[in-house]
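Summary of the model geometry
Here is how the chains run, residue by residue.
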Amino acid sequence: MIHFHPGKAEAFAADEARAHWHDTALWFVRVKRDRGAATVPEWEQLRAAAEGIKAHTLSRLADYLEEFERNARANGIQVHWARDGEEHNRIVHGILERHGVTRMVKSKSMLTEECHLNPYLEARGIEVVDTDLGERIVQLAGEAPSHIVMPAIHRKKEEIGDLFHEKLGTPRGLADPTILTAAARKHLREKFLGAQAGLTGVNFAIAETGGIVVVTNEGNADMGTTLPPVHVASMGVEKVIPRARDLGVFLRLLARSATGQPVSTYTTHFHSARPGAELHVVIVDNGRSEILAREAHRKALACIRCGACLNTCPVYRRSGGYSYSYLIPGPIGSVLGPHRDLAGHASLPFASSLCGSCTDVCPVKVDLHHQLLALRQEAGEEKLIPLGKRMGMKAAAFAMARPRLFRTGGRFARFVLRVAPGLARFGPAAVWLRQRELPEPPGESFADLYDRETAGKQEERS
Ligand code: SF4
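Residues numbered from 1 in each chain as written. Predicted model: local features only at pLDDT ≥ 70, side-chain atom pairs only at ≥ 80, totals over all residues. Heavy atoms only, no water.

1. Side note on unusual backbone geometry
Trans peptide bonds make up the majority, and among non-glycine residues the majority have a negative phi. Where we set the bar: Runs of H or I in DSSP of at least four residues are treated as helices and runs of E of at least two as strands, each being numbered from the N terminus. Three labels apply to residues, based on accessible area from a 1.4 Å probe with only protein chains included: buried if under 20% of the type maximum, exposed if over 50%, partly exposed otherwise in between.
Unusually for a residue other than glycine, Asn286 sits at a positive phi of about 45 degrees. Assignment of secondary structure puts Asn286 in the loop between β10 (278–284) and α13 (288–293). For Asn286, a relative accessible area of 10% translates into the label buried.

Quick look at the structure:
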């Protein structure tokens, strides 16, 4: 196994104060999401509508993508198709090279993280400046985003003050978020003014109009596309929606699910390039068609990257984004990562309590915990889970298929737990018991209790 989530999670949780702070910070966002959702009486109808629109679109994805392409071209947008990340990067580089670009500003795009665009362009002499504040912080720190909506959520404001002091020359010891934000704004303003191209992600691409929609809270996408003469927009194939009127469903769900806001600060519609400028849309597959072909997992493509499943997940909140091996952490990453490479991300489907909270908060009703369970089975079938766990499961299946053996084993376990409870701390449950109290073993099993109760009731009836 290439990467083991529990090992990384243990390292994160070893700093108890930080783990607690991380948990609290994300729970705060989850509570804001709940309050935001509660202000919309038709919330569940919106979720059902979003689920339906996505399911319909995914069932006719090729048709809607072609319709989008036709209408976008008619608007004067240059449309490109990329089979994978490498092709995406080549296309973007080709556009930038043709325009002699040496600096590009970029707003948040998990797709470009997925394609490793930054190192690709930097290796070819093009400076890439991430302009979302959180993304700029992690870029300056040489890190990857630890959350899809709040990329620097793992960093405290004091650490950001130290980072800005080192990288931007701000006074030592700054920790006031307003002052730090002002320093970042000044630094980024210079980068915006000196850039020859801007790249954005795409939140929604509308087939009917051939336009794209980009949602941000900081206005950085607007700055990055208004100043330079070249705008490149990178979108995954799953971002297309059929009609402009569908947008209202998603925009109402997205902002509230992501941060609890009633509406994102900037929702920008691009239907053509500015006069004298160019707008390129690069449509990327990079493994999405394979997910689409798997009926049981297709719903994962409906994700609108709101981050709500991360904020609610007890495992993500207590283990941090870097304990996940895939660039997208949390429940949705634990689904998407194994789709890309099951062997490389085999521990991720197990990074879940299967409590179902992720599924409950998802605005488009991705059946996350069901998918995680299915992926666990696939990992088991492929023998990608640790030998000890596999043997344990085999032993459990053997005992459960033999009621007499199961009952005898239960009696023996209850006896041992009564006379020598400390022994459990040396067995397979040792890790689990490190932070938990062992419950009192019951005097009898559920089966014994059931037999006794039903026998008593039968006597009463007769
Ligand atoms: S799976 Fe659902 S909750 Fe998670 S990021 Fe995607 S849309 Fe949001």
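Now that the structure is up, let's keep going.
2. Things to note about the environment of Arg252
The following threshold applies: Contact between two residues is taken to exist if any of their heavy atoms lie within 4.5 Å; hydrogens are not considered.
Examined against the element boundaries, Arg252 turns out to sit in helix α12 (residues 247–259). Sequence separation between Arg252 and Pro262 is ten residues; the distance between their C-alpha atoms is 7.0 Å. Ignoring anything within four residues of it in the chain, the contact list for Arg252 reads Val40, Glu42, Trp43 and Leu46.

3. Some thoughts on the site of the ligand
Rules: Note on definitions. A residue lies near a molecule or strand when any single heavy atom of the residue is within 4 Å of it. Nonpolar residues are Ala, Val, Leu, Ile, Met, Phe, Trp, Tyr, Cys and Pro. Charged residues are Asp, Glu, Lys and Arg, and all others, Gly as well, are polar.
The environment of the ligand is formed by Cys303, Ile304, Arg305, Cys306, Gly307, Cys309, Ile332, Cys362, Pro363, Val364 and Leu368. Classifying every residue of the shell around the ligand by side-chain character gives nine nonpolar, one polar and one charged.

4. Quick look at the pairing of strand β6 (residues 211–216)
Strand residues, when the strand is regular, have side chains that alternate between the two faces of the sheet. Note the cut-off: If DSSP finds at least two bridges between two strands, the strands pair.
Counting buried residues along β6, six of its six residues qualify, which places the element largely inside the surrounding structure. Direction of pairing for strand β5 (residues 204–206) relative to β6: antiparallel, over a ladder of three bridges. Paired with Phe204 across the strands is Val213, a residue of β6. Taking the residues that link successive antiparallel strands as the turn, the β5-β6 hairpin has four residues, and the phi of Gly210 there is positive, at about 75 degrees. The sheet contact formed by β6 and strand β9 (residues 266–270) spans five bridges and is antiparallel. Within β9, the position partnered with Val213 by the bridge is His269.

5. A few points about the pattern of salt bridges
Cut-off, in case you're wondering: Think of a salt bridge as a Lys or Arg side-chain nitrogen and an Asp or Glu carboxyl oxygen that are within 4 Å of each other.
Tallying each qualifying case throughout the model produces 26 salt bridges. Across the pair Arg30 and Asp34 runs a salt bridge, and its minimum N-O distance is 3.0 Å. With Arg30 and Asp34 both in helix α2 (residues 16–38), this residue pair falls four residues apart, about one helical turn. Classification of Arg30 by relative accessible area gives buried; the value is 15%.

6. Re α2
Put simply, the rule is: What a helix is expected to span follows from its residue count: subtract one and scale by 1.5 Å.
The end-to-end C-alpha distance of α2 is 33 Å, a good match for the 33 Å that 23 residues give at a rise of 1.5 Å each. For α2, the complete set of buried residues consists of Ala19, His22, Asp23, Ala25, Leu26, Val29, Arg30, Arg33, Gly36 and Ala37. Buried residues along α2 sit against α1 (5–14), α3 (43–59), α12, α14 (308–312), α15 (314–319) and α17 (357–361).

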